[in-house]
Amino acid sequence: MKFRHHFVLSEVTENQRIYRCDCATAIINVLDNNINVAIKNEQNMIDEVKESGFDSFTLVDITVKVDLYNFIISYYKDGKRLFSDRAPFAYNLENEFGSGVFHYVTREKGEKIYGLGDKGGRLNKAGQSFKIDTTDSMGYDGETSDPLYKFVPFYICENSVGCYGIYYLSFTSAEMDFGREQNNYYEPYKYYHTDKEYLEYTVYFGTKLEILQKFGQQIGKTAFPPKWSFDYCASTMAYTDADNAYEEMLGFIEKLKEYDLSCKGFYLSSGYTSIGNQRCVFNWNYDKFPNPKEFVEVFKENGIEIIPNIKPSFLVTHPMYDMLSEKGYFIKNPDGTPFVTQLWDNLGSYLDFTNPEACDFWKKQVTEKLLDLGITSTWNDNNEFDIKDTDALSHDGKKARSIKPYLTYLMVKSSYDAQKEMYPSLRPFLSTRSGSAHVRTLAQTWSGDNFTSFKDLRYCHYIGITMSLSGFYFYGHDLGGFSGDMPSRELLLRWLQHGLFEPRFTIHSWNSDGSATMPWSYPDIMPYVRAIFAQRKQLVPYLYNAAYEAVEKELPINAPLFLYYDDEKCEEYPDTMMVGRDILASFVFDKGKKTVKAYLPKADDWYLDGALYSGGQEVEFELPANSKMKYFVRAGSVIPTDEAEYGFRSGEKLVLTVYPLKEGAFESELFFDDGLTYNYKKNLCAKLHLSVNCERDVVTVNVNNLGDEAIKYEIKLVAGDKRDLIIK
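Here is what the cut-offs are and how they apply
Numbering of residues starts from 1 in each chain and follows the order in which that chain's sequence is written. Per-residue local features are limited, in this predicted model, to residues with pLDDT of at least 70; the limit for side-chain atom pairs, both in listing and counting, is 80 or more; totals at the level of whole chains, interfaces and linings are taken over all residues. Processing note: side-chain calculations cover all non-hydrogen atoms of the structure and skip hydrogens and water entirely. Per the convention used, a helix needs a DSSP run of H or I reaching at least four residues, while a strand needs a run of E reaching at least two, with both numbered from the N terminus. The reference for a compact globule is 2.2 Å times residues^0.38; the radius of gyration itself is calculated from the C-alpha atoms. Only protein chains enter the accessibility calculation, which uses a 1.4 Å probe. A residue is then buried if its area is under 20% of the maximum for its type, exposed if over 50%, and partly exposed in between. We call two residues in contact when some of their heavy atoms are within 4.5 Å. Note on areas: Shrake-Rupley, 1.4 Å probe, and residue coverage restricted to the protein chains presented here. His is not counted, nor are the chain ends, whereas Lys and Arg count as positive and Asp and Glu as negative. The atoms used to mark charge sites are NZ of Lys, CZ of Arg, CG of Asp and CD of Glu. DSSP calls a pair of strands paired once it identifies at least 2 bridges connecting them. Axes here mean lines fitted to C-alpha atoms, for a helix over just the part in contact, with angles spanning 0 to 180 degrees between N-to-C directions. Working definition: rings of Phe, Tyr and Trp (its six-membered ring) pair if their centres are within 6.5 Å, and the pair is stacked with planes under 30 degrees apart, edge-to-face with planes over 60 apart, and tilted otherwise. Think of it as a cone above the ring: NZ of Lys or CZ of Arg counts as a charge over the ring if it is within 6 Å of the ring centre and within 35 degrees of the ring normal. In what follows, salt bridge is the name for a side-chain nitrogen of Lys or Arg lying within 4 Å of a carboxyl oxygen of Asp or Glu. In protein, a polar contact requires one atom able to donate a hydrogen and another able to accept it; more generally it is a pair of N or O atoms within 3.5 Å, and residues adjacent in sequence count only if both atoms are side-chain atoms. Arc definition: it is the arc formed by the directions from the helix axis to the C-beta atoms. Residues belong to a common nonpolar core when they are buried Ala, Val, Leu, Ile, Met, Phe, Trp, Tyr or Cys residues joined through side-chain atoms within 4.5 Å. Residues forming no salt bridge and having over 30% relative accessible area are the ones grouped into patches, like charges within 9 Å of each other and nonpolar side chains (Val, Leu, Ile, Met, Phe, Trp, Tyr) within 5 Å. Angular relationships are summarised with four words: roughly parallel below 35 degrees, roughly antiparallel beyond 145, roughly perpendicular across 65 to 115, and oblique for the angles in between. Charged means Asp, Glu, Lys or Arg here, nonpolar means Ala, Val, Leu, Ile, Met, Phe, Trp, Tyr, Cys or Pro, and polar covers whatever is left, Gly included.

Colleague: Any details on the overall build of the chain? Residues and values, ideally.
Modeller: Secondary structure summary: the chain contains 10 helices and 48 strands in total. Computed over C-alpha atoms, the radius of gyration of the chain comes to 27 Å, within 12% of the 27 Å expected from 2.2 N^0.38 for 728 residues, which places it in the range of a compact globule. Going through the 728 residues of the chain one by one, you find that 62% of them count as buried. Considering only contacts within the chain whose residues lie at least 6 apart along the sequence, 67% involve residues at least 24 apart. With an accessible surface of roughly 27700 Å², the chain has 47% of that area assigned to carbon and sulfur atoms. Taken together, the 80 basic and 103 acidic charged side chains of the chain have centroids lying 2 Å from each other.

Written out as structure tokens, the structure reads:
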């Protein structure tokens with residue numbers, strides 16, 4: 001009977017419990033102190049139940065109690081309710097709430113919620129509602145636009161009892177409400193709703209960091225980008241859209257030399273594929289690029305990798321459209337004809353990556369049109385598969401709108417496989433705009449086609465941190481803004497100061513006046529721009545080491561302070577972030593402002609410009625737009641930097657700077673390898689283990705290399721520390 005369902009515990013094993021009622025089956029799997037819950041509506045033959053009663057079991061530090069009447073799961077920590085399904089009804093067992101699946105859980109006043117991918121607005125998502133979907137949202141408002149590009153139905157909730165995380169295992173568009181809706185018949189709640197046929201979710205317990213790490217472990221290890229990708233990688237729509245695109249690209253190299261700037265990559269926008277004003281993936285425009293192979297070689301000779309834009313959609317005017325249609329490689333209508341939808345240049349169709357033959361076609365095109373030219377990387381763009389039509393079907397008969405993130409994953413996987421087969425010894429480098437959290441196992445990402453404004457600079461900061469809290473550790477923004485007017489001098493410098501600390505350091509634009517935002521857009525501020533670029537290259541060894549820890553330990557490269565510190569004051573400074581585990585950076589996001597405030601978590605002491613500050617205090621300091629970034633370094637750390645003279649052809653000089661404690665001992669681990677291959681998995685790398693003892697008059701450093709490769713470096717104490725340094 002609707003709203004009244006009596007479950008029975010029908011099967012029990014060490015790690016699984018199965019419950020049944022007349023219309024549904026519920027399964028709880030215990031997974032390393034987490035639980036996975038699956039509920040499927042199906043008819044069961046069970047004996048009549050007069051009283052439902054309760055079932056309970058205990059994880060390491062969580063007691064789970066199941067009310068068999070309507071299947072209400074509650075979770076208790078230290079005898080207090082952490083959260084529970086909403087009583088007396090939490091699931092859509094017999095269409096009581098309409099179509100699809102629902103999951104209602106309790107909501108505590110003042111709780112905080114983080115995650116959901118690239119969601120805009122403030123970091124704490126409590127009290128808001130969101131679409132879990134993907135769309136091409138060019139020029140979005142970083143505060144209010146929703147949805148954007150990522151599909152991540154995962155969040156972390158913190159309340160007065162502790163923390164928990166929930167991940168809904170689905171690729172189907174959904175909605176999640178964190179308190180916007182209220183209903184007098186129930187206690188305060190939040191909910192998840194989707195049209196999928198059954199519900200499955202995982203619940204994680206622990207600290208916020210532990211929950212994020214457990215989520216990452218379930219999704220799969222994030223791909224390890226090559227070291228070159230951490231240097232400046234350029235891009236713009238303007239160069240490849242120009243009729244003289246090759247000349248513009250050669251001019252870019254000359255500008256790098258003129259201003260003596262280092263650059264290791266160029267994201268080649270889709271104008272290189274143009275036929276007239278339309279973009280046709282895998283079609284080289286030979287009027288713009290008469291000899292693509294020579295073009296790639298010229299850039300390689302100058303130390304720059306080409307990262308070409310590729311899209312999973314084919315316009316109806318594309319030279320290969322009819323052939324692909326005849327082979328049945330597109331998403332289809334029920335009658336088998338290609339599903340046609342609006343794309344940005346014209347009508348077109350999406351390649352159906354659930355069709356193995358379509359994947360093989362894609363791999364062949366990536367190989368023959370790009371990799372055979374010497375290209376080693378791909379930029380997988382416009383891959384939201386923006387399909388809403390309920391009739392559009394995939395090769396395996398599924399509704400395409402219900403598997404959009406899966407299609408994105410298969411597209412990126414096809415590009416990845418092509419690169420891996422062509423260059424088996426290299427770690428593939430891919431960038432993708434869209435995808436579920438699973439796509440992180442293949443590629444890095446970015447925040448998409450952002451807008452040029454101070455407001456959007458601030459909210460892109462929040463979006464980036466939110467992506468980090470959703471498992472996307474390798475991300476960045478189009479520095480300066482992608483859509484809108486050319487950024488002002490001040491705004492461009494502020495974007496660069498912020499981008500200095502992100503994994504992806506790229507200026508990219510499609511300005512409204514057709515201009516290109518480049519480092520030299522304002523020649524009069526080039527000394528300041530170059531200083532920030534030099535500072536970026538200086539930090540690459542530190543960022544690369546943080547990248548290794550992100551891959552191996554699930555430690556985000558960028559994170560809010562509160563991920564590491566149980567200090568309520570940290571939440572009052574959202575314009576600050578941790579970079580790796582040892583750098584704390586605070587930013588200016590307001591026009592005309594010249595000072596910034598940072599809060600130093602009380603568990604550590606912190607260095608700034610050689611001076612040591614005690615934790616637990618706010619520090620205000622000057623940070624003009626026309627200056628290098630200032631940042632704090634945690635006492636009890638060793639920071640690797642590149643101190644070689646900066647320039648277009650600069651080398652590397654590795655220096656390890658010790659930031660000692662006042663007194664005491666600490667340890668630090670630093671990773672170095674060839675930056676390109678998988679040799680580190682064979683221990684063909686340097687893994688320095690540093691034991692540092694800090695006394696009143698002397699700092700002693702013991703270094704042990706646990707890797708099989710030697711490395712040259714210098715060790716020094718932070719400037720301002722007058723103690724003697726002994727290296728053993």
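Colleague: Can you lay out the sheet that holds strand S45 (residues 686-694) for me, pointing to particular residues and giving the numbers?
Modeller: Here four strands make up an open sheet; going across it, the order is S44-S45-S46-S48 and the pairing mixed. Single-partner strands in this sheet number two, and they are strand S44 (664-672) and strand S48 (724-727). Strand-to-strand twist of the sheet, defined as the mean angle between neighbouring strand axes without regard to direction, takes the value 20°. The sheet contact formed by S44 and S45 spans nine bridges and is antiparallel. If you follow Glu669 over to S45, its bridge partner there is His689. Across the sheet, helix H10 (residues 526-553) is in contact with S44 and S45; its angle to S44 comes to roughly 90°.

Colleague: Talk me through the sheet that holds strand S42 (residues 637-642); I want residue IDs and the actual numbers.
Modeller: Pairing in this open sheet of three strands is mixed, and the strands run S42-S43-S47 from one edge to the other. Looking at strand neighbours, the two that pair on one side only are S42 and strand S47 (714-717), the edges of this open sheet. Adjacent strand axes in the sheet meet at a mean angle of 25° when their direction is disregarded. By the bridge criterion, four bridges tie strand S43 (residues 654-659) to S47 in an arrangement that is parallel. Bridge pairing in S47 links Val658 to Leu717. Its contacts with the sheet place H10 against S42 and S43, and it is angled at close to 130° to S42.

Colleague: So, the packing of aromatic side chains: which residues are in play, and what are the values?
Modeller: Per the counting criterion, the structure on display carries 75 aromatic pairs. For the pair Phe505 and Phe533, a centre-to-centre distance of 5.2 Å together with 65° between the ring planes defines the contact as edge-to-face. You can see Phe505 sitting in strand S32 (residues 504-507) and its partner Phe533 sitting in helix H10, a full 28 residues away along the chain. A residue is classified by how much of its surface remains accessible, and Phe505, at 2% relative accessible area, is buried. Its relative accessible area of 1% is what places Phe533 among the buried residues. Aromatic rings pair up to connect Tyr239, Tyr246, Phe252, Tyr259, Phe266, Tyr272, Trp284, Phe289, Phe295, Phe299 and Trp520 into one cluster. For Arg504, the ring lying beneath its charged end belongs to Tyr267, and the centroid distance is 5.0 Å. Directly above the ring of Tyr564 sits Arg581, whose terminal nitrogen or CZ lies 4.5 Å from the centroid.

Colleague: An account of the side chain of Lys288 is requested, with residue identities and associated values reported.
Modeller: Tracing the sequence through the fold places Lys288 in the loop between strand S21 (278-279) and helix H4 (292-301). Although Lys288 is buried, it forms no salt bridge, and the closest oppositely charged side chain is Asp241 at an N-O distance of 4.9 Å. Separated by 2.7 Å, the side chain of Lys288 and the backbone oxygen of Thr240 make a polar contact.

Colleague: Talk me through H4; I want residue IDs and the actual numbers.
Modeller: Burial in H4 covers these residues: Pro292, Phe295, Val296, Val298 and Phe299. In a view along the axis of H4, the buried residues occupy a sector of 160°, so they form one face of it. In this structure, the buried side of H4 is in contact with helix H3 (245-259), strand S19 (265-268) and strand S22 (305-310). Gly303 sits one or two positions beyond H4 and adopts a positive phi of about 75°.

Colleague: Lay out the nonpolar core with the relevant residues and their values.
Modeller: Membership of the largest hydrophobic core comes to 169 residues, with the highest contact counts inside it found for Tyr232, Phe252, Phe266, Phe295, Phe314, Leu351 and Phe501. If sequence neighbours within four positions are ignored, Phe295 has contacts with Tyr246, Met249, Leu268, Trp284, Phe289 and Ile306. Ranked by size, the runner-up nonpolar core spans 52 residues in total, among them Val105, Tyr164, Tyr191 and Phe205.

Colleague: Explain unusual backbone geometry residue by residue, including any values.
Modeller: Residues Ala87 and Pro88 are joined by a peptide bond in cis, for which omega reads 0°. Mapping Pro88 onto the fold places it in the loop between strand S8 (80-84) and strand S9 (101-106). With an omega dihedral of 5°, the bond running from Asp146 to Pro147 counts as a cis peptide bond. One can find Pro147 in the loop between strand S11 (129-132) and strand S12 (150-151). Positive phi, normally seen in glycine, also occurs at Phe3, with a value near 70°. With respect to the helices and strands, Phe3 occurs in the segment before strand S1 (8-12). According to the relative accessible area criterion, Phe3 is partly exposed, its value standing at 38%. Here Asn683, not a glycine, exhibits a phi torsion of approximately 70°, which is positive. Within the secondary structure, Asn683 sits in the loop between S44 and S45.

Colleague: Quick one: what's the story with the pairing of S1, residue by residue and with numbers?
Modeller: Where S1 and strand S2 (residues 16-20) come together, four bridges link them in antiparallel fashion. Within the sheet, the bridge partner assigned to Val8 lies in S2 and is Arg20. Adjacent in sequence and paired antiparallel, S1 and S2 are bridged by three residues.

Colleague: So what's going on with a nonpolar patch on the surface? Which residues, and what values?
Modeller: A grouping of Met138, Trp344 and Trp510 is seen on the molecular surface, where their side chains present a nonpolar patch of about 290 Å² in accessible area. Topologically, Met138 is positioned in the loop between S11 and S12.

Colleague: Could you give me a rundown of the packing of H3 against H4, with the residues and numbers involved?
Modeller: Where H3 meets H4, the axes come as close as 11 Å, and the angle between the chain directions of the two elements is 10°. With respect to their mutual orientation, H3 and H4 come out roughly parallel. Across the interface between the two elements, Tyr246, Met249, Leu250, Phe252 and Ile253 of H3 pack against Glu294, Phe295, Val298 and Phe299 of H4. Of the residues belonging to the contact of H3 with H4, the class tally is eight nonpolar, no polar and one charged.

Colleague: Can you lay out a negative patch on the surface for me, pointing to particular residues and giving the numbers?
Modeller: A cluster of acidic residues, Glu663, Glu695, Asp697 and Asp724, forms a negative patch at the surface. Inspection of the secondary structure puts Glu663 in the loop between S43 and S44. The exposure class of Glu663 is exposed, given its relative accessible area of 61%.

Colleague: Which residues make up the pairing of S11, and what values go with them?
Modeller: Side chains Phe130 and Ile132 project from S11 onto a buried face, and the interleaved Ser129 and Lys131 project onto a face without burial. Where S11 meets strand S15 (residues 174-177), four bridges bridge the pair, whose relative direction is antiparallel. Each bridged residue has a counterpart across the sheet, and for Lys131 the counterpart in S15 is Glu175.

Colleague: Provide a residue-level description of the environment of Tyr548, including the pertinent values.
Modeller: For Tyr548, the position within the fold is in helix H10. Not counting the four nearest positions on each side in its chain, Tyr548 is found in contact with Phe224, Phe671, Tyr680 and Lys687.

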